[in-house]
Amino acid sequence: MRLSMWMIANRLHTLEPEVHIQGNAPMELRGARNVVAPNCVHVYEKGGDIYVRYGDDYILLHGIGFNYVFNVVQGIFEFYNDWTDSIQQAAFDMDFQKILDESWFFFGNPLILMDGSNRCLAMSSQYSDNEVDPEWEYISQTRYSSLEFIRKMRRSYSVVDMYSKNKVQVLHTDNVEVYFDTLTTAIYYQDFYCGRLNVLGKERSFNEGDIQVIEYLLQIITPSLYMLQNQEAQDMNRGVFHELIQGKKVTASMLETQMDYLDWRMDDPFQICVLKLPREYKDTASKALIGNQIRRSTLNVYLMLNKDSVVIIYNLRYMDRTVLLEIIHEMLRKNVTYQAGFSNCSRGLWKLKQYYEQAEAAISYGNLMNPGGKEYFFYDYALYYLIECSNPLDMYCVLHPDVLLLEELDRKKETGWLELLKAYFDNECSLVNTAKAMYVHRNTLVYRLGKLKELMHYDWDNTYSREYMKQSVMILDFFWKKYGRNFEHFNPMH
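Report on the accompanying structure. Quick caveat, the model's predicted, so the values are computed rather than measured. (Residues numbered from 1 in each chain as written. Predicted model: local features only at pLDDT ≥ 70, side-chain atom pairs only at ≥ 80, totals over all residues. Heavy atoms only, no water.)

1. Here we look at the pattern of salt bridges
- Tallying each qualifying case throughout the model produces 16 salt bridges.
- Between Arg119 and Asp115 there is a salt bridge, with the nearest N and O atoms lying 2.9 Å from each other.
- Overlapping salt bridges bring together Arg265, Asp268 and Arg317 as one network. (Salt bridge = Lys/Arg side-chain N within 4 Å of Asp/Glu carboxyl O.)

2. Quick look at the sheet that holds strand β5 (residues 57-62)
- Taken together, five strands build an open sheet; the order of strands is β1-β5-β4-β3-β2 and the sheet is mixed. Lying at the two open borders of the sheet, with one neighbouring strand each, are β1 (18-20) and β2 (31-33). In this sheet, adjacent strand axes meet at a mean angle of 20° when their direction is disregarded.
- The sheet contact formed by β2 and strand β3 (residues 40-46) spans three bridges and is parallel. Bridge pairing in β3 links Gly31 to Cys40.
- Packed onto the sheet, helix α2 (residues 66-92) meets β2, β3, β4 (49-54) and β5 and runs at close to 170° relative to β3. (Pairing = 2+ DSSP bridges. Helix = DSSP H or I, 4+ residues; strand = E, 2+ residues; numbered from the N terminus. Axes fitted to C-alpha atoms, helices over the stretch in contact; angles between N-to-C directions. Contact = heavy atoms within 4.5 Å.)

3. Some points on helix α18 (residues 463-483)
- A rise of 1.5 Å per residue sets the reference length of α18, with its 21 residues, at 30 Å; its end C-alpha atoms lie 30 Å apart and thus fit the reference within 8%.
- Looking only at α18, the buried set comprises Ser465, Tyr468, Met469, Ser472, Val473, Ile475, Leu476, Asp477, Phe479 and Trp480.
- Along its buried surface, α18 packs onto α12 (382-388), α13 (392-398), α14 (401-413) and α15 (417-426).
- Where α18 begins, the side chain of Asn462 points an oxygen toward the backbone nitrogen of Tyr464, at a separation of 3.0 Å. (Expected span 1.5 Å × (residues − 1). Buried < 20%, exposed > 50% of the residue type's maximum accessible area, 1.4 Å probe, protein only. Polar contact = N/O pair within 3.5 Å; in protein donor to acceptor, adjacent residues only side chain to side chain.)

4. Notes on the packing of aromatic side chains
- Following the criterion strictly, the structure yields 27 aromatic pairs and no others.
- The interplanar angle of 5° and the centroid separation of 5.3 Å between the aromatic rings of Tyr44 and Tyr51 together place this pair among those described as stacked. Per residue, the accessibility class of Tyr44 equals that of Tyr51, and both read buried.
- Grouped by ring-pair contacts, the aromatic residues Phe79, Tyr80, Trp83, Trp104, Phe105, Phe106 and Tyr216 constitute a single cluster.
- Positioned above the aromatic ring of Phe79, the side-chain terminus of Arg11 is 4.2 Å from the ring centre.
- Positioned over the ring face of Phe377 is Arg321, at 3.9 Å from the centre of the ring. (Phe/Tyr/Trp six-rings, centres within 6.5 Å; stacked < 30°, edge-to-face > 60°. Lys NZ or Arg CZ within 6 Å of the ring centre and 35° of its normal.)

5. Overview of the sheet that holds strand β8 (residues 168-171)
- Ordered by their spatial adjacency, five strands build an open sheet running β7-β6-β10-β9-β8, and the pairing between neighbours is antiparallel. With one partner strand each, in any of the chains shown, β7 (120-123) and β8 form the two edges of the open sheet. Adjacent strand axes in the sheet meet at a mean angle of 20°, parallel and antiparallel pairs treated alike.
- Here eight bridges tie strand β9 (residues 182-189) to strand β10 (residues 192-200), and the two strands are oriented antiparallel to one another. Each bridged residue has a counterpart across the sheet, and for Ile187 the counterpart in β10 is Gly195.

6. Examining the nonpolar core
- Of all hydrophobic cores here, the largest spans 64 residues; its most connected members are Phe241, Trp264, Ile313, Leu421, Leu452 and Trp460.
- Counting residues per element, this core draws most heavily on helix α11 (residues 352-369), at eight residues.
- Excluding residues within four positions of it along the chain, Phe241 makes contact with Leu255, Gln258, Met259, Leu262, Trp264, Tyr302, Met304, Ile313, Leu349 and Leu352. (Core = buried A, V, L, I, M, F, W, Y, C linked by side-chain atoms within 4.5 Å.)

7. What about the packing of α14 against α18?
- Two elements in contact, α14 and α18, have axes separated by 9 Å at closest approach and are oriented at 40°. Considering the angle they form, α14 stands oblique to α18. With respect to the hand of their crossing, α14 and α18 are arranged in right-handed fashion. Two secondary-structure elements touch here, α14 through Pro401, Asp402, Val403 and Glu407 and α18 through Tyr468, Met469, Ser472, Val473, Leu476 and Trp480.
- Residues belonging to the contact of α14 with α18 are distributed by class as follows: seven nonpolar, one polar and two charged. (Parallel < 35°, antiparallel > 145°, perpendicular 65-115°, else oblique. Left-handed = near helix turned anticlockwise from the far one by under 90°. Nonpolar A, V, L, I, M, F, W, Y, C, P; charged D, E, K, R; others polar.)

Here is the structure:
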């Protein structure tokens, strides 16, 4: 590795040298000599002081012996070469923590490496959580940048081009909202954004040598960052669930394998949430940050990134909607204007496309009927959707969740629950008339209706829920007559 005079000066920092170096001192030094030699730094004594010189640039040390200084300067070249070998191996192993810890000795300042999703890959272990600044403490505890800090950085775009490719930018405290002067670099592999390296000027001021070391370091670690980030980006936006949302066919074994990986069962209850973000958070990095924070805070969720939203598939066996909403509220707080749409409950994921469209429709109908909200639930707008729906499969998935539950129980065990519910609604919820229509005693009817209510999640005494159930029973009865009771027409496996 070839060094510059700045890089040597930084390693001599503890000896309190006088530094007389031009700003553009190049990296072309191969070693130290006690005589003038090409591409070598000249170490000599003059007037009791020690000079480390190359051309017109020199470093002056007072009160230190020549032999000591000469050995130290020679050791700097050996140190950089050993460091290069070490970080090359660490990059191959994707051990980013080792890379930053060993790089700290050149900067003497806190370093932090983020991936393209604002997830912390490593930060200098020489500092504890509360030794740097509040953002350092937040990242140390959560392993992600805070949305508040990202918003502050975006306000600085008119001052500094934060996403200039592989160019070291200087953020000064007098014009950017940072706690220390900071060197920051947006790391790209060709056109793929794969991370960011920050060096915080907590201990000493920066110079050209710091920039040169960063540029050299990035040449080594960028391919590894790309491999890591590209693989994770592909994993988040491909696979069985992504295919299902697009309406593509997948095999039962493919779906079952993916669900086994998540510890999901084929007949588990699921809901889909589409989290739409404002314009300033629609970039891939922000969406990935939000998605990863949700995934980190929950159990058994699967996330995908769309153009302007994060799609969340969650298993109701592990987590209900209330928990997810609490996580979204805590993470986005009042600073982000978002909208979240929630589908009805889906039994299994074969009809994932239909339930994803329900989550999207919840936001569309919500903005039309009740504008200004943040969370919309498809259940509240299902009847409007049925008015416009013409596709039988879509319509079947829109049927009231309790009606679909009873249909499933009837199909598996011939329980007759739907027949009872239909008779009750057909007779305007009159106990006397329903008992006559079903040829049962009133007390028997009351008992069976009580058991039916225990099975259901929604109250038919609510006007909207009762109308939703009545319409669903009517449509289901029509489907029985047209398609038969086995519903193979609606099963994508057939």
